[in-house]
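# Structural overview
Here is what each chain is made of, one letter per residue.
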Amino acid sequence: MQVIEGRNSQVAFDFLLREIQDSTAVAHIKEKAKEVLSQSVDPIGGPPEHPSDGLLYGLIQSGKTSVITAVAALAVDNSFDCVVILTSDIVLLYDQTLTRIREGLPGIAVLGKDDWIDPSRFERNIRTTPFVIVCSKNNSKLTSLLDAFRSVGRSGAKGLSTLIIDDEADHASLNTKASKKTAEISSINRAISDFRSFFPTNTYLQVTATPQALFLQSPDHRYRPSFTVLSKPGSNYVGGEVFFGEDSTLLRYVNASEIEALIRDSQPTPISEVPKGLRSALFTYLVGASARVSRDPTAKYAFLCHVSLKKLDHKFVVDLIDRFKEEVIRKLSLPATDSTYRKLVDELQSAYVDLKETEPTLPSFDDVVESLRFYIRGANIRIINATTKDEVSLDSVFNIFVGGNKLGRGVTIERLIVSYYGRNAKRPNADTVLQHARMYGYRKKDQSITRLFLPEELADRFRSIHQMESALRGLIETYPNSKLEGLFVVSPLQATRRNVLDPDEIGLYVAGRMYNPRYPKSAPTVEPNTRMVDAKVENVRDGQYIQCSIDDVIEVVEACIPDESHGGIIWRRDLLRAALEKLKTLNGDEAYIYVSRGRRLAQPRRETQGVHDSQEDKRVPSDKPALFLFRKEPSKPGEVAAWWPQLRFPVREDQNYVLAFNLS
């Protein structure tokens, strides 16, 4: 459909420009909103032959609500009678969305969740099209809204051309009883399906930054999008590459044991002081915020502590930070010659030196300490969870937020400069963990004083998820009109909640990516395996490759035993076999094996880092699976020679795939 810009669109774009203050970003929002509308149903053409179901795929905290506002404005300017926006049932988030939509669409009636209680008044409202409704994803609210439409005393209600925008569509909208493989359907999913069925002429637009659950539905599933539009952030956005890319300078690792110490009921004798890593994070935050406020007295900054979903733990952490605050106030009031004062200053100095590495223009250390001494008494330490009604607002120079799920999906924390993260589920969901990345967002001006404190294993988890997200978005950008055949997910991560998936339909690994075990097992017990691989590749010269079958690759992969003492979450031989078997069915039984012997390799690798040097990757064609084999010589007592494998998945212009397998 051809998209035009009318008065509502112009007003909405002007509002977004005033709010974002980035004309390039607003131009991109306009482009993406038009892309959505161009693939939507023709609102005056009657019911479409095929369902019109799309996905607006954004990034965490990248301003998806701005694109929703623009899409809604263009929809009403292009003859849609009704726009229904489904959003969070959390009052804080619902109110934020309703306010933003009303501010962006001042020329349109925007109805809230209490505006259809009176049937006669609701009927009067919808007689004057176009209009917008913002409804929370609550079964009672959804059902009452649909009942209100059904009760309208004229047949035209059902005939309204409707754009249904489902914000965070992967969260509460899917059938949470899908894994039971029965006919039973969860209440919110049923209500949304009823909405989509009620309006014959409609487009259902899913909006999320974590579409894993959507793409893992079966190809013909009603909640799997038929078209995808990628929304990109503005130039001030700070996201996964900044935090988890190879050159990140913002991560600081803490000992995983101290996260356990912050879980109140796991300790026979609970700690009474803030542990070392959290203490360092708090000092970094206080120094960074004090440095900025010493030059701008109006500045306010946030700190986030997210280690548990339990309310008891939140209170425990807040009590510890309260005592920490009291300690800092007391010690800063001591004479400069006092040894206790000097120890505190040394800790502040360490944080100052660290921040100086990325922010060379920090004011003098003495000025920072003076600002901290003045403002610390007003530090605001708050719990934000399901039982609190507080907003995530900055009321002081220092704002320290402690909480759980309420500080996850959808919440924007302004001027967040330091985060301390420790949520460590046994079977984490990739989409849920990514939604915890509240450190992402439009934070470029504060990036130099930003830090993320977390255990290294959790950083690896975020890094894998970032790679997964980058690969997924890259494929969608390359093949915008293709349907994905799966997802890249790394074990023990799950792509999403198991209850929204049929376990028989999930199928891991990304086109063009390299995977390797962290370290090969080099104990004497692997000597027979090493000899077997020696024989298999005895005719392949060093630095050369041969063409072989995928079955040959599988046989060698299974003979190369990883050293489990070094850990690992991606290199699983059962998953590799399944992925290679899938490629065989897609492309035929052809692969490559590359060989390099006599390698002096002694250090473990990350599982996506690779073992090859910068040129070896280029020596083997990329159109078929390629197994790079490096014969590692013994590097310490007790080791024997062992083969260190590295598998590269093929890249083909005519094929779009990301492989994800559920082998539970």
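Treat the numbers as computed from the prediction; the structure is a model and nothing was measured.

So, on to the overall build of the protein. When helices and strands are tallied, the protein shows 20 helices and 22 strands. Classification of the 664 residues of the protein by burial places 56% in the buried group. Split by element, the accessible area of the protein, about 27,600 Å² in all, is 48% carbon and sulfur.

According to the stated counting rule, one finds 40 salt bridges in the structure shown. In this structure, Glu123 engages Arg127 in a salt bridge whose closest nitrogen and oxygen atoms are separated by 3.2 Å. Of this pair, Glu123 and Arg127 both sit in helix 5 (residues 119-127), 4 residues apart, roughly one helical turn. What makes Glu123 buried here is its relative accessible area of 16%. Put simply, Glu639 and Lys632 hold a salt bridge, and the shortest N to O gap is 2.8 Å. Three or more residues are tied together by salt bridges with common partners; here these are Asp551, Glu558, Arg577, Glu581 and Lys584.

With respect to the helices and strands, Asp313 occurs in helix 13 (residues 311-332). As a buried residue without a salt bridge, Asp313 has its nearest oppositely charged side chain in Lys310, at a separation of 5.3 Å. If sequence neighbours within four positions are ignored, Asp313 has contacts with Leu262, Ile263, Arg264, Asp265 and Ser308.

Here we come to the sheet that holds strand 17 (residues 514-515). Here 5 strands make up an open sheet; going across it, the order is 17-21-20-19-18 and the pairing mixed. Two strands in the sheet have a free side with no partner beyond their single neighbour: strand 17 and strand 18 (544-548). Where strand 20 (residues 626-632) meets strand 21 (residues 642-648), 7 bridges bridge the pair, whose relative direction is antiparallel. Within strand 21, the position partnered with Arg631 by the bridge is Trp643. Sheet strands touched by helix 19 (residues 550-559): strand 18, strand 19 (591-599), strand 20 and strand 21. Its angle to strand 19, the strand with the most contacts, is close to 35°.

Of all 7 residues in strand 20, 7 are buried, a share of seventy percent or more. On strand 20, burial covers both faces: Ala626, Phe628, Phe630 and Lys632 on one face and Leu627, Leu629 and Arg631 on the other are all buried. One ladder, built from 6 bridges, connects strand 19 with strand 20; its direction is parallel. Within strand 20, the position partnered with Tyr594 by the bridge is Phe628.

Let's shift gears to the nonpolar core. Counting residues in hydrophobic clusters, the biggest one holds 52 residues, and the most contacted among them are Leu282, Tyr285, Phe303, Leu348, Ile376, Phe398 and Tyr420. Secondary-structure elements contributing two or more residues to this core are helix 12 (276-293), strand 10 (301-306), helix 13, helix 14 (339-358), helix 15 (365-375), strand 12 (398-403) and strand 13 (416-421). Of all the elements, helix 12 adds the most residues to this core, at 10 residues. Once residues lying within four places of it in the same chain are set aside, the contact partners of Phe303 are Leu278, Ala281, Leu282, Tyr285, Asn399, Ile400, Phe401, Leu416, Val418 and Tyr420. Counting residues in hydrophobic clusters, the runner-up holds 38 residues, among them Ala12, Phe13, Ala33 and Val36.

Sheet architecture is open: 7 strands sit in the order 3-4-2-5-6-1-7, paired in parallel fashion. Strand pairing shows two members of the sheet lacking a second neighbour, strand 3 (109-111) and strand 7 (227-230), which therefore form its edges. Here the strands of the sheet are splayed against their neighbours by 20° on average, with no regard to which way each runs. Where strand 2 (residues 82-87) lies against strand 5 (residues 162-167), 5 bridges are found, and the strand directions are parallel. Considered in strand 5, the bridge of Cys82 is made with Thr162. In the packing of helix 2 (residues 23-38) onto the sheet, contacts are made with strand 1 (52-57), strand 6 (202-208) and strand 7, and the angle to strand 7 comes to roughly 175°.

Inspection of the secondary structure assignment puts Thr210 in the loop between strand 6 and helix 9 (212-215). There is a polar contact of 2.9 Å between the side chain of Thr210 and the side chain of Asp170.

Its 18 residues give helix 12 an end-to-end C-alpha distance of 26 Å, which sits within 8% of 26 Å, the value for a rise of 1.5 Å per residue. Most of helix 12 is tucked away: 16 of the 18 residues are buried.

We now examine helix 2. Its 16 residues give helix 2 an end-to-end C-alpha distance of 22 Å, which sits within 8% of 22 Å, the value for a rise of 1.5 Å per residue. All buried positions along helix 2 are accounted for by Ala25, Val26, His28, Ile29, Lys32, Ala33, Val36 and Leu37. Where helix 2 starts, the residue carrying a side-chain oxygen 3.1 Å from the main-chain nitrogen of Thr24 turns out to be Asp22.

Remark: helix 6 (residues 139-151) packs on helix 8 (residues 187-198), axes separated minimally by 9 Å, with the N-to-C direction vectors making an angle of 20°. Our classification of the angle between helix 6 and helix 8 gives roughly parallel. The interaxial crossing formed by helix 6 with helix 8 has left-handed handedness. When helix 6 is examined against helix 8, the residues Asn139, Leu142, Leu145, Leu146, Phe149 and Arg150 are found in contact with a partner set consisting of Ser187, Ile188, Ala191, Ile192, Asp194, Phe195 and Phe198. Among the residues forming the contact of helix 6 with helix 8, the class breakdown is 9 nonpolar, 2 polar and 2 charged.

Scored by pLDDT, the protein has a mean of 87; 90% of the residues are at 70 or more. Counting contacts from residues 502-507, a segment whose pLDDT is below 50, to residues more than four positions away or on other chains yields 14 contacts.

This paragraph deals with the packing of helix 1 (residues 7-20) against helix 2. At a minimum axis separation of 9 Å, helix 1 and helix 2 run at an interaxial angle of 145°. Crossing geometry of helix 1 relative to helix 2 is assigned as right-handed. Contact with helix 1, carried on its side by Phe13, Leu16, Leu17 and Ile20, involves Ser23, Ala25, Val26, Ile29 and Lys30 of helix 2 and no other residues of that element. Tallied by class, the residues present in the contact of helix 1 with helix 2 amount to 7 nonpolar, 1 polar and 1 charged.

The next thing to look at is the packing of aromatic side chains. Geometrically, a pair of aromatic rings is defined through the distance of the ring centres and the angle of the planes. The final tally for this structure, using the stated rule, is 22 aromatic pairs. A ring pair is formed by Phe283 and Phe324, whose centres lie 5.1 Å apart and whose planes are at 65°; its orientation type is edge-to-face. Taken as a pair, Phe283 in helix 12 and Phe324 in helix 13 lie far apart in primary sequence, 41 residues in all. Summarising the burial analysis for this pair, Phe283 and Phe324 share the class buried. Seen in terms of ring centroids, Tyr421 and Phe462 are 5.2 Å apart; in terms of plane orientation they differ by 70°. Their pairing is edge-to-face. One end of the pair, Tyr421, is in strand 13; the other, Phe462, is in helix 17 (residues 456-478), with 41 residues separating them in the sequence. Judged by its relative accessible area of 2%, Phe462 falls in the buried class.

Before going further, it helps to spend a moment on the environment of Ile68. Looking at the element boundaries, Ile68 is found in helix 3 (residues 64-77). Among the residues examined, Ile68 registers a relative accessible area of 3% and is labelled buried. Along the primary structure Ile68 and Ile85 are separated by 17 residues, whereas in three dimensions their C-alpha atoms are 8.6 Å apart. Those residues in contact with Ile68 that sit more than four places away from it in its chain are Ile85, Ile101, Ile165, Asp167 and Val207.

The rules behind each value
Residues numbered from 1 in each chain as written. Predicted model: local features only at pLDDT ≥ 70, side-chain atom pairs only at ≥ 80, totals over all residues. Heavy atoms only, no water. Helix = DSSP H or I, 4+ residues; strand = E, 2+ residues; numbered from the N terminus. Buried < 20%, exposed > 50% of the residue type's maximum accessible area, 1.4 Å probe, protein only. Areas by Shrake-Rupley, 256 points an atom, 1.4 Å probe, with all protein chains shown as cover. Salt bridge = Lys/Arg side-chain N within 4 Å of Asp/Glu carboxyl O. Lys, Arg positive; Asp, Glu negative; His and termini not counted. Contact = heavy atoms within 4.5 Å. Pairing = 2+ DSSP bridges. Axes fitted to C-alpha atoms, helices over the stretch in contact; angles between N-to-C directions. Core = buried A, V, L, I, M, F, W, Y, C linked by side-chain atoms within 4.5 Å. Polar contact = N/O pair within 3.5 Å; in protein donor to acceptor, adjacent residues only side chain to side chain. Expected span 1.5 Å × (residues − 1). Parallel < 35°, antiparallel > 145°, perpendicular 65-115°, else oblique. Left-handed = near helix turned anticlockwise from the far one by under 90°. Nonpolar A, V, L, I, M, F, W, Y, C, P; charged D, E, K, R; others polar. pLDDT = per-residue confidence, 0-100. Phe/Tyr/Trp six-rings, centres within 6.5 Å; stacked < 30°, edge-to-face > 60°.

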